[in-house]
Amino acid sequence: MNANKLIIEKSKFDINLKFYFILKYLLKASFSDRDIKKIIEIYSLYKGIVFKEELLNSMDSLYGNSKSGLKKKDFLTDILDLFESDFDSELFIFGVKLIAIKPLLLQEAKTRDLLDTSKLPTLSPLSLAYDKITLFSPYSTRVSGALLSLIFFDKLENEDTAFISSDTTEFLSYLSKEAIVLKNMGIEANQIFMLMFSESINQSIISDSGSNYEDRILSVLNSIGIDKSKISKTHDKNDSSTEFDFFFELNNKTYGIGAKRTLRERYKQFIKTAQMTKIDVMIEITLGIDLTEEKVNSIRKHNIFLFISDEVYNSNKYLQKIDGVYSSKDLTLQTLEKLSYLK
């Protein structure tokens, strides 16, 4: 590879670095809608280098000396200290307007994830469909945000402002013109905005990528009649290297359940424990997406019962023919009681 092709011109790097700094500090300042409106009003009256002086002189009256007010003044002062020309004030105002529009884009990005999450009540908690939604959830908003940002700036640069409510069309029309001018000056608004926008998204969502699989199983056990307060997480008394995610007693029989979305090689530890444990019923609950017939037979050979997602169970005939292998839909109190007599 010719390294020369990857060189970024210093002037372009500097101007985009400054723009990113402005966006980051505007975000840190936590300006309210009123604050943003006041800044834009001052800019409309005092442009160029005079704008910087006027904004500095107005800060005390605008923000006062409260903790949040001092925070705003500190970050704003740091931004204004960067001003070297009239162009910097234009770059700053463009950043202020993007900060104003950010909540709208952030909400749009969250909507897709909300749409998928709204389907969960109609799905079995142990199904592949349910798992897929919870697995992708923390990433859905990020991907939506990245694509929305791309579309947003593409439309701005093409002066297409008809994609949003009529109340904001005029605002976006001005923003579009500014975006085109800055683009010609070397500002890569989409890429720089996306850096800041993705950080906002990361702060606004909780990443639990599939980590709630155990919570879902607990909810199912609770719903079929196993008292939540009587379920514990414990190590096997005869093999401390194995931890049961769920341990409880039912009709004077002890049950130990291992719960993992995918088994990988972990099932071998469960098999080892099965050979020495005094627990009455051992169960593996998993989605089943990495199961093979060899794995299943090995698990069942050691009298460990297996519950897998309904989709995987129904799409594999061999699973339906092996005794002791069940669909997650068959995880009922009656089935659990029956297992203690099948050992």
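Residues numbered from 1 in each chain as written. Predicted model: local features only at pLDDT ≥ 70, side-chain atom pairs only at ≥ 80, totals over all residues. Heavy atoms only, no water.

**Let's talk about the confidence of the model for the protein chain**
Step number 1: Averaged over all residues, the pLDDT of the protein chain is 82; the fraction at 70 or higher stands at 88%.
Step number 2: The element-level mean pLDDT for the protein chain is lowest in helix H7 (residues 166-184), coming to 66, with strand S6 (residues 325-327) highest at 95.
Step number 3: Note that residues 206-211 has pLDDT below 50 and, in this model, 12 contacts with residues that lie over four places away or in other chains. (pLDDT = per-residue confidence, 0-100. Helix = DSSP H or I, 4+ residues; strand = E, 2+ residues; numbered from the N terminus. Contact = heavy atoms within 4.5 Å.)

**Comments concerning unusual backbone geometry**
Step number 1: The phi angle at serine 30 is positive, at roughly 55°, despite the residue not being glycine.
Step number 2: Mapped onto the elements, serine 30 comes out in the loop between helix H1 (10-29) and helix H2 (33-45).
Step number 3: Positioned with a positive phi, asparagine 252 is a non-glycine residue whose angle comes to about 65°.
Step number 4: Note that asparagine 252 resides in the loop between strand S2 (243-250) and strand S3 (253-259).
Step number 5: Take asparagine 252: its relative accessible area is 73%, and that puts it in the exposed class. (Buried < 20%, exposed > 50% of the residue type's maximum accessible area, 1.4 Å probe, protein only.)

**Here we look at the packing of aromatic side chains**
Step number 1: Taken as a whole and judged by the stated rule, the model has nine aromatic pairs.
Step number 2: With centroids separated by 5.9 Å and ring planes inclined at 40°, the aromatic side chains of phenylalanine 31 and tyrosine 63 adopt a geometry described as tilted. Taken as a pair, phenylalanine 31 in the loop between H1 and H2 and tyrosine 63 in helix H3 (residues 49-63) lie far apart in primary sequence, 32 residues in all. The two residues phenylalanine 31 and tyrosine 63 agree in class, both being buried.
Step number 3: Measuring from centroid to centroid gives 5.0 Å for phenylalanine 307 and tyrosine 326, while their planes differ by 20°, and the two rings are stacked. Of the two residues, phenylalanine 307 sits in strand S5 (residues 304-308) while tyrosine 326 sits in strand S6, which places them 19 residues apart along the sequence. For the pair phenylalanine 307 and tyrosine 326, a shared accessibility class is recorded, and that class is buried.
Step number 4: Members of the aromatic cluster, each reached through a chain of ring pairs, are Tyr43, Phe51, Phe83 and Phe92. (Phe/Tyr/Trp six-rings, centres within 6.5 Å; stacked < 30°, edge-to-face > 60°.)

**A closer look at the packing of H2 against helix H5 (residues 86-117)**
Step number 1: The interhelical angle for the contact between H2 and H5, taken along N-to-C directions, is 150°, at an axis separation of 10 Å. In terms of axis orientation, H2 runs roughly antiparallel to H5. Between H2 and H5 lies a crossing of left-handed hand. Residues Ile36, Ile39, Ile40 and Tyr43 of H2 pack against Ser89, Glu90, Phe92, Ile93, Val96, Lys97, Ile99 and Ala100 of H5. (Axes fitted to C-alpha atoms, helices over the stretch in contact; angles between N-to-C directions. Parallel < 35°, antiparallel > 145°, perpendicular 65-115°, else oblique. Left-handed = near helix turned anticlockwise from the far one by under 90°.)

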